[in-house]
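A look at the structure
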Amino acid sequence: MADRDDGTDLVVPVKELRRAKTRLAAASARAADTERGRRAAHADLALALAADTLAAVLASSVRRLVVVTSEPRWHDDVPPVVADPRLELVADPGRGLNAAVRAGVGHLDGPAPVGVLLADLPALRPAELDEALAAGRAALERAPAAFVADHTGEGTSLLVLTPGFAPRFGRGSAAAHAAAGAEPLRGAWPGLRHDVDVPADLDEVRALGVGSATRAWPGVPGLPALAGGCR
Ligand SMILES: Nc1nc2c(ncn2[C@@H]2O[C@H](COP(=O)(O)OP(=O)(O)OP(=O)(O)O)[C@@H](O)[C@H]2O)c(=O)[nH]1
Ligand SMILES: C=C(OP(=O)(O)O)C(=O)O
């Protein structure tokens, strides 16, 4: 078992909700009867996934948390996260995921290792994140970056990098990060590896145990359970 992390800085990109998670459209379609209801349920789902991911992050040993987003609901609907003193918000440059990640890493503007975590990990456990960040920092003695592949083996859920390493998120990112010299991290970390991309993933993460916002979806408007994060 790797050591507990002693405080890595973390960047989490959160896409504008109405454009996010298009591969989950079939799940939102089952959640409401009208087109308007479906759109609202879809945005609530994307927000719930991000809120649960961030609740776990804030229960970990992460030192600074940079969220890169231009989502207008951010301030109203994620109050426990917004109120945390470790949070710094950076505007999304609007040029895709890697540009958002670069903006977050650039904001930190230092030589220290940085973790980049995607925001669709509602079963994430704080201890898994701490372990993976510690393992990633240890790997930086041998490689310019380290990554945790997602449960399919194709994507990347966490990238730990030294500033200067170019992130290669997107389809097939695990292979792209490995080809650029990043070291794959081997821990089990089921919640860290299980991102939610397609409707079947929702059942799978619920079986692992998700945070309160995802557990409550689809729920009444306003996501009353959002403040939780305990599992
Ligand atoms: N800030 C920011 N975050 C992004 C962007 N694209 C993706 N993300 C985040 O990166 C994570 C993983 O992205 P994807 O699974 O590719 O998400 P997606 O584009 O919302 O989903 P699909 O439309 O289903 O491909 C999610 O947490 C998104 O919020 C972007 O352009 N800007
Ligand atoms: C964006 C990514 O993931 P996915 O498409 O699996 O969500 C990625 O792995 O870089």
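- Per an unreviewed UniProt entry, the protein goes by Phosphoenolpyruvate guanylyltransferase and derives from Actinomycetospora aurantiaca.
- The UniProt entry for the protein carries this comment under Catalytic activity (unreviewed entry): "phosphoenolpyruvate + GTP + H(+) = enolpyruvoyl-2-diphospho-5'-guanosine + diphosphate".
- Under the UniProt heading Sequence similarities (unreviewed entry), the entry covering the protein gives this text: "Belongs to the CofC family."

1. Comments concerning the site of ligand 2
- Looking at ligand 2, the residues that line it are R23, L97, L118, D120, D150, G155, T156, F169, G170, S173, D195 and D197.
- At 2.8 Å, a side-chain N or O of S173 approaches an oxygen atom of ligand 2.
- D195 is positioned such that a nitrogen or oxygen atom in its side chain is 3.3 Å from an oxygen atom of ligand 2.
- Compared with its free state, where it exposes 290 Å², ligand 2 has 89% of that area covered by protein.
- Among the cavities detected, the one that contains ligand 2 is the largest pocket.
- Split into classes, the residues belonging to the shell around ligand 2 amount to three nonpolar, four polar and five charged.

2. Some points on the confidence of the model for the protein
- Residues with a pLDDT of 70 or more make up 92% of the protein, whose mean pLDDT is 91.
- For the stretch residues 220–231, pLDDT sits under 50, and the model shows 29 contacts to residues farther than four places along the chain or on other chains.
- For this predicted complex, the interface confidence reaches an ipTM of 0.97, while the overall pTM sits at 0.93.

Each value, and the rule that gives it
- Residues numbered from 1 in each chain as written.
- Chains lettered and ligands numbered in written order.
- Predicted model: local features only at pLDDT ≥ 70, side-chain atom pairs only at ≥ 80, totals over all residues.
- Heavy atoms only, no water.
- UniProt positions renumbered as here; feature names shortened; annotations may be inferred.
- Near = heavy atom within 4 Å.
- Polar contact = N/O pair within 3.5 Å; in protein donor to acceptor, adjacent residues only side chain to side chain.
- Areas by Shrake-Rupley, 256 points an atom, 1.4 Å probe, with all protein chains shown as cover.
- 1 Å grid on protein atoms, 1.4 Å probe; cavity = no way out; pocket = protein on both sides within 12 Å on 5 of 7 lines; lining within 4 Å.
- Sits in = over half its atoms within 2 Å of the grid points.
- Nonpolar A, V, L, I, M, F, W, Y, C, P; charged D, E, K, R; others polar.
- pLDDT = per-residue confidence, 0-100.
- Contact = heavy atoms within 4.5 Å.

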